[in-house]
Amino acid sequence: MRLPDPALVVLVGASGSGKSTWAAERYRPQEVVSSDALRGVVGSGNHDLDASVDAFAILEQVVAARVGRGLCTVVDTLGLDAGRRTSWLALARQAGLPAVAVVLATPEADCRRRNAARDVPVPAPALAGQLRRMRTVAEELATEGWEVVVTTEGAASQGAAAEEQVVARPAPVADTRDRRTSAGVEVVLQVSRFPWGEDPAGWLTGIALEADRLGFAGIALMDHLVQIPQVGRAWEPIPEPYVTLGLLAGLDTRLRLGTLVTPMTLRPAGVVAKAVATLDALSGGRAFVGVGAGWWEREHAGFGVPFPGARERLDLLEDGIETMRALWSPGTKAWHGTRAALPETTCYPRPVGPVPVIVGGSGERRTLRIAARLGDACNLPSDPAVLAAKTAVLHAHCSDVGRDPAEVAVTVLDLPVVGHDRGDAWRRVERLRGRTAAASYAARHHAAPAPAHAERYAALAEQHGVSTVFLGLPDLDSADDLERVAPLLA
Ligand code: CTP
Ligand code: MG
């Protein structure tokens, strides 16, 4: 088995497992970046542990520089730090280099024996800790997204390659597709119904993996405590979104993940900031958050959550966005906003990067003003006439508060009925419309085959400056339903 070349190769093994030997037999010296060798460069010798911090700082720089140039790079460290592995993997992804993990599964007794024979052995408790970590590392690697994981016994240096057991994953090529349609719109799948039968996690995983494969830019979940009447019955499942997004964050996809929208009445804004920051950290910077003032009184009453009047809810929205941004900004200093204040802003983990805040709702006097002042985006209805009117109000607020309208992206929620053909579109309308007249249901949901929707999205981008369409399928039953929508992503 030939390993991909060039590649990022990350060695994983305890001291004395034979990592450096394995690398030296296969790669040129300048391709191997070794923490031990760098300890020798910046410290008193290869085993000068006092020099570790400096050695690793240089190692990170060398790895990033080489991988960034697309050069074959072998990282020779213990490889047991999952955080470092993930960041190297991200570098490889970015550079379009395949990422290979090589596990030196040398028998523990051999590692101990070789270590003891060294001039400067690793202290026995440290080696024992490494060997313990090695017992579970294969499981960790399996979920991290390596294109190839090689396990080698490393017993004898001759013919070691013959014993290597290679697990190659499908899709070894880095997915660098630009996830925008030719009209420049990104389409995010909005999931509002959860007909998951007996296997909630399996259903959600299937939807996410298929959405990623087809080229959706992300997944947005509704944030409600009880299913809303516009979508389904109150006893149908609607999962807590941040827990659910945590599950999706653990999958190997490039999907952006967030809510559309989180009512700021449900949790204190700081707690939302915490959840979103954690989601961003766990997903490698893919989080976004939609926020709104909340509207559905029943779910508040049923869960013992206060539901104040409209004015106070809008205050919660406005203060909440400020609070979230304060908790996401660097440092821990005290913060004094227009209405709320925090004695400190200690919120770790911080988001990996800026988290887009999308303000949902189209109340012209207050909500759109909050979006103009504090939003990265404003989510509006997709009906062109309504959209034109609301965008005009939004932009008027922007000039009023001194904000460049280009800084507030326009996004829309669209709930299309997508048929394989005209007949199929109409069959779906009949099935979905309930007591609504067929013609008005079809008009509201633009019932048509996919190409008609694609044209509509192009027009939304060109005529209304829409950057993102949140696409909710009224009849999303399983992952198989997504293929039908794929032409919309082209
Ligand atoms: N060795 C061996 N047979 C192998 C591999 C290694 O006999 N198949 C010996 C090497 O000659 C060396 C010792 O085992 O004396 C440790 O190998 P090394 O490659 O240095 O192990 P590393 O995993 O790189 O150890 P460290 O983490 O301490 O750098
Ligand atoms: Mg070594």
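Here is what the cut-offs are and how they apply
- All residue numbers refer to position in the chain's written sequence, counted from 1.
- Both sets of labels track the order of writing: A upward for chains, 1 upward for ligands.
- Restriction of local features to residues with pLDDT of at least 70 applies here, the model being predicted, together with a cutoff of 80 or more for giving and counting side-chain atom pairs; totals for whole chains, interfaces and linings are based on all residues.
- The side-chain figures draw on all heavy atoms in the structure; neither hydrogens nor water molecules are used.
- Here a strand is any run of E in DSSP of at least two residues, a helix any run of H or I of at least four, and the numbering for each starts at the N terminus.
- UniProt positions are given in the numbering used here, feature names are shortened, and annotations may be inferred rather than shown by experiment.
- Both cavities and pockets are sets of points on a 1 Å grid over the protein atoms alone; in a cavity a 1.4 Å probe fits but cannot get out, in a pocket the set is open with protein on both sides within 12 Å along at least five of seven lines, and lining residues sit with an atom within 4 Å of a point.
- Grid points are joined across faces, edges and corners, and a volume is the space filled by probe spheres set on the points.
- Polar here means any residue other than Ala, Val, Leu, Ile, Met, Phe, Trp, Tyr, Cys and Pro, which are nonpolar, and Asp, Glu, Lys and Arg, which are charged; Gly is therefore polar.
- What makes two strands pair is DSSP finding at least two bridges between them.
- Fitted lines through C-alpha atoms give the axes, limited to the stretch in contact for helices. The angle between two N-to-C directions lies from 0 to 180 degrees.
- Only heavy atoms enter the contact rule, under which two residues are in contact if any of them lie within 4.5 Å.
- Each domain's limits were defined by an automated method or a database of domain assignments.

### Quick word on unusual backbone geometry
Cis geometry marks the peptide bond from Asp 5 to Pro 6, where omega comes out at 5°. Mapped onto the secondary structure, Pro 6 falls in the segment before strand 1 (8-12). The residue after Tyr 348, namely Pro 349, is reached through a cis peptide bond having omega 5°.

### Quick notes on the UniProt feature "domain: Luciferase-like" (unreviewed entry) in the protein chain
Annotation from UniProt places "domain: Luciferase-like" (unreviewed entry) at residues 204-457. Span residues 204-457 is 44% helix and 16% strand, its end C-alpha atoms 26 Å apart.

### Some details on empty space enclosed by the protein
Considering all chains together, one arrives at one cavity of 30 Å³ or more under this definition. By volume, the largest cavity amounts to about 30 Å³. For the largest cavity, the full set of lining residues is Val 191, Trp 203, Leu 204, Ile 207, Ile 219, Leu 221 and Leu 248. At the level of secondary structure, the elements contributing two or more residues to the lining of the largest cavity comprise helix 7 (200-214) and strand 8 (218-221). Grouping the amino acids of the lining of the largest cavity by side-chain chemistry returns seven nonpolar, no polar and no charged.

### With respect to the sheet that holds strand 14 (residues 377-381)
Taken in spatial order, the eight strands close into a barrel running 7-8-9-10-13-14-15-18, and their pairing is parallel. Each neighbouring strand pair of the sheet contributes to a mean axis angle of 25°, computed without reference to strand direction. The pairing of strand 7 (residues 186-191) with strand 8 spans four bridges and is classified as parallel. Counted as the bridge partner of Val 191 is Leu 221 from strand 8. Lying on the sheet, helix 11 (residues 310-328) is in contact with strand 10 (287-292) and strand 13 (357-360); it crosses strand 10 at an angle near 160°.

### With respect to the domain arrangement of the protein chain
Entries for the protein chain in the domain assignment read domain 1 (8-168) and domain 2 (186-489). Using only C-alpha atoms to locate each centre, domain 1 and domain 2 end up separated by 42 Å.

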